[in-house]
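Spelled out, the chains give:
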Amino acid sequence: DMAYIQPSEWVEFLRLLETGILGFMAFLFTSDFFKGILARELELEFGIPFWMVPVIGLVQASIGFLNLYDNGKHLMYSQMILGFLMGGCFFSHTHLAKNAKNSSSAVIFLAFGIAIHYLQGYLDLHSAILLQCGCGMLGYVTGALLVSAKMIVPPAVKAREEQVQEKKQQ
């Protein structure tokens, strides 16, 4: 039947869509190194330090590269890295910015990863969900560890610290 779309065609579509979006984001994050506009915004919203913005951009670029390299033979790895990154993104929106509704993009990209794993035929649906969610949890926990190591200072914490400093100066 001509109307039926093969799983491999869905994988190709999702792989290219994801690569286009992440490629654009990687460009924004890495090129921001020169202007710092996005870095200031991310620091205000999430408390993410300036140096972390181009690092995130390089991770996004590596996912796109692995999506395309050798005609997509490394999709398993790119989607695992994507799961990790989206776990960090989910942590940032829910814990740092206290705005869970903005984490929908992370959930959508996690779903892309699950679909790609499953439609490639390497994993059954249950394993695909477990793998992506496991990678996402690692990203989430990494975000929490960065906060506990004070490498990321959530905006609410920073505001409280500034209030304490102001009271000391009075």
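Residues numbered from 1 in each chain as written. Predicted model: local features only at pLDDT ≥ 70, side-chain atom pairs only at ≥ 80, totals over all residues. Heavy atoms only, no water.

**Student:** Provide a residue-level description of the nonpolar core, including the pertinent values.
**Tutor:** In this structure, Leu-42, Leu-82, Met-86, Leu-96 and Phe-109 are the most contacted members of the largest nonpolar core, which totals 26 residues. Counting residues per element, the ones that place at least two in this core are α1 (7–35), α2 (37–46), α3 (52–68), α4 (75–96) and α5 (104–120). With 7 residues, α4 is the single largest residue contributor to this core. Here Phe-109 is in contact with Glu-18, Ile-21, Leu-22, Leu-82 and Met-86, once residues within four sequence places are set aside. (Core = buried A, V, L, I, M, F, W, Y, C linked by side-chain atoms within 4.5 Å. Buried < 20%, exposed > 50% of the residue type's maximum accessible area, 1.4 Å probe, protein only. Helix = DSSP H or I, 4+ residues; strand = E, 2+ residues; numbered from the N terminus. Contact = heavy atoms within 4.5 Å.)

**Student:** Could you give me a rundown of the packing of aromatic side chains, with the residues and numbers involved?
**Tutor:** The geometry of an aromatic ring pair comes down to the distance between the two centres and the angle between the two planes. Summed over the entire model, instances satisfying the criterion amount to 7 aromatic pairs. Taken together, the ring pairs in this structure connect Phe-33, Phe-34 and Phe-50 into an aromatic cluster. (Phe/Tyr/Trp six-rings, centres within 6.5 Å; stacked < 30°, edge-to-face > 60°.)

**Student:** Would you mind going over the confidence of the model for the protein in detail, with residue names and values included?
**Tutor:** Overall, the predicted model of the protein reaches an average pLDDT of 93, with 99% of residues at or above 70. In the model of the protein, helix α7 (residues 155–169) stands out as the element of lowest mean pLDDT, 88, in contrast to helix α6 (residues 125–148), which has the highest, 97. (pLDDT = per-residue confidence, 0-100.)

**Student:** Explain a nonpolar patch on the surface to me, and be specific about the residues and the numbers.
**Tutor:** Together, Ile-5, Trp-10, Phe-13, Leu-17 and Ile-21 give the surface a local cluster of nonpolar side chains, amounting to about 430 Å² of exposed area. By the secondary structure assignment, Trp-10 is in helix α1. Since its relative accessible area comes to 37%, Trp-10 is described here as partly exposed. (Patch = residues over 30% accessible without salt bridge, like charges linked within 9 Å, V, L, I, M, F, W, Y side chains within 5 Å. Areas by Shrake-Rupley, 256 points an atom, 1.4 Å probe, with all protein chains shown as cover. Salt bridge = Lys/Arg side-chain N within 4 Å of Asp/Glu carboxyl O.)

**Student:** Would you mind going over the side chain of Arg-15 in detail, with residue names and values included?
**Tutor:** Assignment of secondary structure puts Arg-15 in helix α1. Relative accessible area serves as the criterion here: at 3%, Arg-15 is assigned to the buried category. Setting aside residues no more than four positions away along its own chain, Arg-15 makes contact with Asn-67, Leu-68, Asn-71, Gly-72, Leu-75 and Ile-116.

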